[in-house]
Amino acid sequence: MILNGVEIRDSFAEAFPMVGTRLIITADTPEWALIAGRTTTGFATSVIGCGCEAGIERTLGPEETPDGRPGVSLLIFAMDFGSLKKVVPLRLGQCVLTCPTTACYAGIEGGKRVPLAKTIRYFADGHQISKKIGGSKGEGMRFWRLPVMEGEFVCDEDTGSVDGVGGGNFLILARSRGEALKAAEAAVAAMMQVPGIILPFPGGVVRSGSKVGSKYKGLFASTNDAYCPTLRGTVPSQLPDTVGSVLEIVIDGVSFEAVAEATKVGITAVCALGAEGGVVAIDAGNYGGNLGPFHFKLREIMQGAGETA
Amino acid sequence: MSGVSLKPRAPFEARVDLSGLTPEVTGPLTLRELEHKEVPCGGRRVKLAELFFVEGAPDGVLLIEIGDVRLDGVGAGMTTGELIVDGTVGAFAGRCMSGGVLRIGGEAGDFLGSEMSGGRIELAGHAGSHAGAAGSGSRRGLSGGVLVIGGDAGPRAAERQRGGLITIAGNAGEGLATDMIAGTVSVGGAIGPLMGRGMKRGTIFVDAVPELPAGFVDTGAHELVALRLLARRVPELAARLQGWTKARRIVGDTLIGGQGEVLARG
């Protein structure tokens, strides 16, 4: 399949199940909400080393947030619910509670409950105040008010969770590093408009795509040598001579459909730059179908996107 | 018409207690079964048809067109459905209610919504004493749900309240929220001098800093994000909290180690 001179390879991205949750963080100003969001999702690129994958889903206007202040929506994913339950309160306590003017609210209603203030309320040393309005016993949402030096930290007791998808991806094979980066930036800008997904890596882009395993004992992953241009000829390479640089976009989402939609939007944005923009091909990372049950087949996803020879 | 309607045949000779005659009870019955259902009237039990014209089709709605006759226990024990009273009710309306909606167009007697744990009561007029409070001998005031009083509330409203929301558009009598354990109360008018005495937790919204019992400590005026949140999440408080950027926070009752708060527009 060729789109605007870019080859869409007959490959698929292999993704795996994750458990995720959404937090809504608000602050007095959009800047402080963003600072809280970035801090909370910092060092959360890959579960391999960080324990979770997190990112800012989108920014929120005052009319969209529970307290009428500007905010951000975050998604945090972990490999299982137990890990999610541990990692969310840690990040909440270290990065949101500490950040001036912030408040934190549940962003998902259903699913198993992930503790928020339920855990960190004890920081208030007995001065915490809970409030639950309406509903019968066991119904409704409870929030907590924790006195802090700057004023008061307001936080929902817990939030819901979803069974999500982690590790959706595609690879941009370009002539040069500059052209690969430009294409990746275009993809990220377009994909961030898709609801329900995050791109957890720096700026949404990964340069160190990996393969499973390593020659070194104890390492789970190592550089994806088949896609390293500087190794062409020394390993079984997947890269033609025209490719000088490869970047990967990794996608986590709240559903298969959200990841598929983001993949389509991203590849479309890359292909809009076309061969003239230095993009040679689009490929995807997979491990023969052994890593996870979710397969995002590139050509199926891009079906009807305006194929040209 | 949807639901069942009850209209008195004649003025009652004794107090009638409708406790337990709720939409979930009347819904499954046929009209004939409903007419034969007995309710306490004075010292005896009387068939409903002897007291009321029973009309309509039983479902989740019960309409009582009662005028000024004060029936006791209207909506007591409700768990679901809708009960509408076109008129005034006596004591214990909505007592121990845990769900559904009770709308009263007139006034209510004592113990309206006492020991209520869920659902919603909307009263257009004034309420008697002990609205949303603990019943006699009980330690449990309103613990969930919403009680909206369009007029004044008599003494001891919200006594021992431990959750949920009570809004009083008018004045609150003496002893509002005494021994309150948790929950939220909003008063639009004047309050009595014993408000919040013995209060452990909970929040009381008032317009101006009131005279409070000893044991309440003024912590100053503060910007509270919780005000914004409550204004958005709780429709009953939206109008009340409109424009509140700060609240004067008075904490008490410290004489018993309480951490309740009275919030006045700051």
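The preceding data block contains the structure.
Residues numbered from 1 in each chain as written. Chains lettered and ligands numbered in written order. Predicted model: local features only at pLDDT ≥ 70, side-chain atom pairs only at ≥ 80, totals over all residues. Heavy atoms only, no water.

Residue and element names in this part refer to chain B. Relative to the elements of secondary structure, Asp-72 occurs in the loop between strand E5 (61-71) and strand E6 (82-89). Separated by 30 residues in the primary sequence, Asp-72 and Leu-102 have C-alpha atoms spaced 14 Å apart. Residues in contact with Asp-72, not counting those within four places in the same chain, are Arg-15, Val-16, Asp-17, Leu-18, Ser-19, Gly-90 and Ala-91. In terms of polar contacts, Asp-72 uses its side chain to reach the backbone amide nitrogen of Ala-91, at 3.0 Å. (Helix = DSSP H or I, 4+ residues; strand = E, 2+ residues; numbered from the N terminus. Contact = heavy atoms within 4.5 Å. Polar contact = N/O pair within 3.5 Å; in protein donor to acceptor, adjacent residues only side chain to side chain.)

Okay, the nonpolar core next. Counting 57 residues, the largest nonpolar core has Leu-18, Phe-52, Leu-102, Leu-112, Ile-168, Leu-176 and Ile-204 of chain B as the members making the most contacts within it. With four residues, the single largest contributor to this core is E5 of chain B. With residues near it in sequence (within four places) discarded, Phe-52 of chain B still touches Leu-6, Lys-7, Pro-8, Arg-9, Phe-12, Leu-18, Ile-66 and Leu-71 of chain B. Counting 37 residues, the second largest nonpolar core, distinct from the first, contains Phe-170, Ala-187, Met-191 and Val-205 of chain A. (Core = buried A, V, L, I, M, F, W, Y, C linked by side-chain atoms within 4.5 Å. Buried < 20%, exposed > 50% of the residue type's maximum accessible area, 1.4 Å probe, protein only.)

How big an interface is tends to be stated in terms of accessible area lost as the parts join. Each partner contributes residues to the interface: chain A has 25 residues there, and chain B has 26 residues. Carbon and sulfur atoms make up 50% of the surface buried where chain A meets chain B, a total of about 1900 Å² over both sides. Run the count over chain A and chain B and you get two salt bridges. Arg-233 of chain B serves as the salt-bridge partner of Asp-156 of chain A, at 2.9 Å between the closest nitrogen and oxygen. Joining chain A to chain B, the criterion identifies eleven residue pairs in polar contact (both at pLDDT 80 or more). Per-class residue counts for the side of chain A that touches chain B are eight nonpolar, eight polar and nine charged. (Buried area = accessible area lost by both parts, 1.4 Å probe. Salt bridge = Lys/Arg side-chain N within 4 Å of Asp/Glu carboxyl O. Nonpolar A, V, L, I, M, F, W, Y, C, P; charged D, E, K, R; others polar.)

Limitation: the analysis is restricted to geometry and does not speak to function.
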